[in-house]
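In case you want the letters, here they are:
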Amino acid sequence: GAPPPPPAASLRSGATRSTSASGARVFVVTWKVERWSALPSGFRQGARYRPPGGAPWSLDLYKGGIKRERPGMVALYVHYDAPDASARAKVASLELSLVNQGGGPNLSRKHEGQRVFGAKADQARRVSTSAGTASLAHVVLTQVEALGFVKNDAVVLRAEIEMAADAVAL
């Protein structure tokens, strides 16, 4: 059968920091988007969630997609909130999810391979300010509610950021 729904505590907005079994630092940012139906929907209509407590990562949501060739998609990006102009963060992997609140499987997209984030993008040095997915698992906006991702007019988004072993402390 279907797995049980996640515990209620995991469906609240916020950020956590932990250490994986391999010793890597892992940040998890969860955003419970309340009043989902009231959020603007359309090409490049976005919203940002910055968790309290000075977490270095925030989430950017585009309810109507961010690329012209993919209208009507849910796009999700993680953004690095650099503490200063010279700050860098090396990330080993990044997983972005749309959490199924009805107990079904989450829709996730995982990006493997090291990425470097900084206060300012620098294409020559391959430094980004944000990264994500232009279409979260190709879920069209009209299917989000039908597939159980909207509950009480709220959607839960999650990003899991695993830092590279040689990353500086944040």
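Now for a quick tour of the structure. For clarity, every value in this text was computed on a predicted model and none was experimentally measured. (Residues numbered from 1 in each chain as written. Predicted model: local features only at pLDDT ≥ 70, side-chain atom pairs only at ≥ 80, totals over all residues. Heavy atoms only, no water.)

1. Some words on the pairing of strand β1 (residues 14-19)
The two faces of the sheet receive side chains in turn, since in a regular strand these alternate between them.
Okay, so step 1: In the sheet, β1 pairs with strand β2 (residues 25-33) via 6 bridges, with the strands oriented antiparallel. When the sheet's bridge partners are listed, Thr19 is paired in β2 with Arg25.
Okay, so step 2: Between β1 and β2, which follow one another and run antiparallel, lie 5 residues, and Gly23 among them has a positive phi close to 95°. (Pairing = 2+ DSSP bridges. Helix = DSSP H or I, 4+ residues; strand = E, 2+ residues; numbered from the N terminus.)

2. Focus: the nonpolar core
Nonpolar side chains tend toward joint burial in soluble globular proteins.
Okay, so step 1: Of all hydrophobic cores here, the largest spans 30 residues; its most connected members are Trp36, Trp57, Leu59, Leu61, Val144, Leu157 and Ile161.
Okay, so step 2: In this structure, Leu157 is in contact with Val29, Thr30, Trp31, Val33, Leu59, Leu61, Leu76, Ser97 and Leu98, ignoring residues within four places of it in sequence. (Core = buried A, V, L, I, M, F, W, Y, C linked by side-chain atoms within 4.5 Å. Buried < 20%, exposed > 50% of the residue type's maximum accessible area, 1.4 Å probe, protein only. Contact = heavy atoms within 4.5 Å.)

3. Digging into the pairing of strand β10 (residues 155-163)
Okay, so step 1: Most of β10 is tucked away: 7 of the 9 residues are buried.
Okay, so step 2: Where strand β6 (residues 88-99) and β10 come together, 8 bridges link them in antiparallel fashion. Note that in β10 the partner of Ser93 across the bridge is Glu162.

4. Re the environment of Pro105
Okay, so step 1: For Pro105, the location among the structural elements is in the loop between β6 and β7 (107-118).
Okay, so step 2: Given the relative accessible area of 61%, Pro105 is considered exposed.
Okay, so step 3: Each C-alpha atom of the pair Pro105 and Gly148 lies 9.7 Å from the other, and the pair is 43 residues apart in sequence.
Okay, so step 4: Setting aside anything within four residues of it in sequence, one finds Pro105 in contact with Asn100 and Phe149.

5. As for the layout of surface pockets
Okay, so step 1: Space inside the largest pocket adds up to approximately 240 Å³.
Okay, so step 2: Among the elements of the structure, β7 and β8 (127-128) are those that each provide at least two residues to the lining of the largest pocket.
Okay, so step 3: No other element matches β7, which puts 3 residues into the lining of the largest pocket.
Okay, so step 4: Partitioned by chemical class, the residues of the lining of the largest pocket number 3 nonpolar, 5 polar and 2 charged. (1 Å grid on protein atoms, 1.4 Å probe; cavity = no way out; pocket = protein on both sides within 12 Å on 5 of 7 lines; lining within 4 Å. Points joined across faces, edges and corners; volume = space filled by probe spheres on them. Nonpolar A, V, L, I, M, F, W, Y, C, P; charged D, E, K, R; others polar.)

6. Considering unusual backbone geometry
Okay, so step 1: Phi at Arg35 takes a positive value of approximately 50°, unusual for a residue other than glycine.
Okay, so step 2: Following the sequence through the fold, Arg35 ends up in the loop between β2 and β3 (46-49).
Okay, so step 3: Located in the positive-phi region is Asp153, a residue other than glycine, with phi close to 60°.
Okay, so step 4: Here Asp153 is to be found in the loop between α1 (141-146) and β10.
Okay, so step 5: Classification of Asp153 by relative accessible area gives partly exposed; the value is 28%.

7. Here we look at the sheet that holds β8
Okay, so step 1: Spatially, the 6 strands line up as an open sheet ordered β1-β2-β10-β6-β7-β8, and their pairing is mixed. The strands lining the two open edges of the sheet, one partner per strand, are β1 and β8.
Okay, so step 2: Inspection of the sheet shows β7 paired to β8 by 2 bridges, in the parallel sense. Across the sheet, Val116 pairs through a bridge with Val127, a residue of β8.

8. Notes on the side chain of Lys63
Okay, so step 1: In this fold, Lys63 is placed in the loop between β4 (57-62) and β5 (75-80).
Okay, so step 2: An unpaired buried charge is present at Lys63: no salt bridge exists, and Asp153, the closest side chain of opposite charge, is 6.8 Å distant.
Okay, so step 3: Within the local environment of Lys63, its side chain forms a polar contact with the backbone oxygen of Leu39, the two atoms lying 3.4 Å apart. (Lys, Arg positive; Asp, Glu negative; His and termini not counted. Salt bridge = Lys/Arg side-chain N within 4 Å of Asp/Glu carboxyl O. Polar contact = N/O pair within 3.5 Å; in protein donor to acceptor, adjacent residues only side chain to side chain.)

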